[in-house]
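The lines below spell out each chain.
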Amino acid sequence: MLPATLAMLATMMPACSSRHTASPTKDLPGWKLTFADEFSAPAGTPPDPTKWGYDLGGHGWGNNELQCYTSSTKNSFHDGSGNLVIRAIKEQTTDDKGTKRDYSSARILTKGKFSQTYGRFEARLKVPVGRGIWPAFWTLGENITTKNWPHCGEIDIMEYLGHDTMTAYGTIHGPGYSGAEGKSKPFKLTSAPSFHDDFHTFAIEWSESEVLWFIDGQQYHRVTPDDLKPSEWVFDTPFFMILNLAVGGNWPGNPDDKTTLPQDYSIDYVRVYERVKR
């Protein structure tokens, strides 16, 4: 993908958040950093191709979503102030199979580039707003090509529905507990700033015996193998990460006349750790 012209960049770049402060330290006692992207590349450049690839197309993604995912720097780009932006745009887009959609966006992933079994997966995120706007930070089992979903397992570190700016969700999916039956829990903010108004930190800590979910350092959800019985615990293989911004779908519903686009999903950093052996 060729860099955009300076004129295009001027229209692409979102205004910097006045509340965006420097990223917290990467050092965590008891943990060793195994993956990090601080998104400090020049404005207008795409995600680092050594760390991220793309899922592409407009086939609904199993959820009747309305967007076409692209690899264009219109839809995923560094903003020059330490963030990666995934931007959803209202524009007719056609994928390589001829499917036409009225929205474009991006879905980036570390499949084939980085995966890990167990550890702490963390990102600092500022999410968009509006009915039908659906950003996520999540993981899938690397064995999805042989096991298929949901037998590969899925851990949703953060999902959010743009019409409810005070609530985010953590969920686990697997055989017998997938889709609407996933083991999910909401986290509700009790005071400003909302998830849309500022950056918040989302993380899981995953081991052979549990998955714990955290928002801004506060644990709010836990799932163990016993919680899934008699269904199978499938979280003992490497998982890769996904960041995406969907438009519409079965869960959030479609945009309404109050939804404005473009909408931006800003990622300050993504970091992964493994426990230091004692």
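Before going into details, it helps to say that this report is about the structure given with it. Quick caveat, the model's predicted, so the values are computed rather than measured.

Structural notes on the nonpolar core
Across soluble globular proteins, you tend to see nonpolar side chains buried next to one another. If you look at the biggest cluster of nonpolar residues, it comprises 47 residues, and the most contacted ones within it are Phe137, Phe235, Leu243, Tyr265 and Val270. Here this core gets 5 residues from one element, more than from any other, and that element is strand E16 (residues 239–247). When residues no more than four places from it in sequence are discounted, the contact partners of Phe235 are Tyr118, Gly153, Glu154, Ile155, Ile172, His173, Tyr177, Trp206 and Leu228. Leu109, Ala136, Trp138 and Leu140 belong to the second-largest nonpolar core, a separate cluster that totals 8 residues.

Here's the deal with the environment of Ile155
Within the element layout of this structure, Ile155 appears in strand E10 (residues 154–159). In this structure Ile155 comes out as buried when scored by relative accessible area, which is 0%. Residues Ile155 and His59 lie 96 residues apart in sequence; the distance between their C-alpha atoms is 22 Å. Ile155 has contacts with Trp138, Thr139, Thr171, Ile172, Ile204, Trp206, Val211, Trp213, Phe235 and Phe239, leaving out every residue within four places of it along the chain.

Section: unusual backbone geometry
The omega torsion across Trp149 and Pro150 is 10°, close enough to zero to call that bond cis. Along the chain, the position of Pro150 falls in the loop between helix H2 (144–147) and E10. In this structure, the amide linkage connecting Leu261 to the following residue, Pro262, adopts the cis form with an omega of 10°. Assignment of secondary structure puts Pro262 in the loop between E16 and strand E17 (263–275). One non-glycine residue, Asp216, lies in the positive phi region at around 50°. Structurally, Asp216 can be placed in the loop between strand E14 (210–215) and strand E15 (218–223).

Focus on the packing of aromatic side chains
Per the stated rule, a full pass over the model turns up 13 aromatic pairs. With centroids separated by 6.0 Å and ring planes inclined at 85°, the aromatic side chains of Phe35 and Trp52 adopt a geometry described as edge-to-face. With Phe35 in strand E1 (residues 31–37) and Trp52 in the loop between E1 and strand E2 (53–54), the pair connects residues that are 17 residues apart, well separated along the chain. A relative accessible area of 3% places Trp52 in the buried class.

Some details on the side chain of Glu154
For Glu154, the location among the structural elements is in strand E10. Here Glu154 sits buried without a salt bridge, and the closest side chain of opposite charge, Arg107, lies 7.9 Å off (N-O distance). There is a polar contact of 2.7 Å between the side chain of Glu154 and the side chain of Trp149. Setting aside chain neighbours within four positions, we find Glu154 in contact with Trp138, Thr139, Leu140, Trp149, Thr171, Ile172, His173, Phe235 and Phe239.

Describing the sheet that holds E10
Spatially, the 7 strands line up as an open sheet ordered E2-E7-E16-E9-E10-E11-E12, and their pairing is antiparallel. Of all the strands in the sheet, the pair left with one neighbour each is E2 and strand E12 (183–188). In this structure, strand E7 (residues 107–109) lies alongside E16, joined through 3 bridges in antiparallel fashion. Of the residues in E16, the one forming a bridge with Arg107 is Asn244.

Structural notes on the pattern of salt bridges
Using the criterion set out here, one finds 12 salt bridges in the structure. With a shortest N-O distance of 2.9 Å, Arg271 and Glu38 are connected by a salt bridge. Pair noted here: Arg271 is in strand E17 and Glu38 is in the loop between E1 and E2, with a separation of 233 residues, a long-range link. A relative accessible area of 1% places Arg271 in the buried class. For Glu38, a relative accessible area of 23% translates into the label partly exposed. With its nearest N and O atoms 2.9 Å apart, the salt bridge here joins Lys229 to Asp226. For the pair shown, Lys229 and Asp226 are each scored as exposed. Each of Arg120, Glu122, Glu205 and Arg275 takes part in one network of salt bridges that share partners.

So, the pairing of E15
In this sheet, E15 lies alongside E14 in antiparallel orientation, the contact comprising 5 bridges. Each bridged residue has a counterpart across the sheet, and for Trp213 the counterpart in E15 is His221. Here E14 hands over to E15 after 2 residues, with Asp216 in that stretch at a positive phi of 50°.

Conventions adopted
Residues numbered from 1 in each chain as written. Predicted model: local features only at pLDDT ≥ 70, side-chain atom pairs only at ≥ 80, totals over all residues. Heavy atoms only, no water. Core = buried A, V, L, I, M, F, W, Y, C linked by side-chain atoms within 4.5 Å. Buried < 20%, exposed > 50% of the residue type's maximum accessible area, 1.4 Å probe, protein only. Helix = DSSP H or I, 4+ residues; strand = E, 2+ residues; numbered from the N terminus. Contact = heavy atoms within 4.5 Å. Phe/Tyr/Trp six-rings, centres within 6.5 Å; stacked < 30°, edge-to-face > 60°. Lys, Arg positive; Asp, Glu negative; His and termini not counted. Salt bridge = Lys/Arg side-chain N within 4 Å of Asp/Glu carboxyl O. Polar contact = N/O pair within 3.5 Å; in protein donor to acceptor, adjacent residues only side chain to side chain. Pairing = 2+ DSSP bridges.

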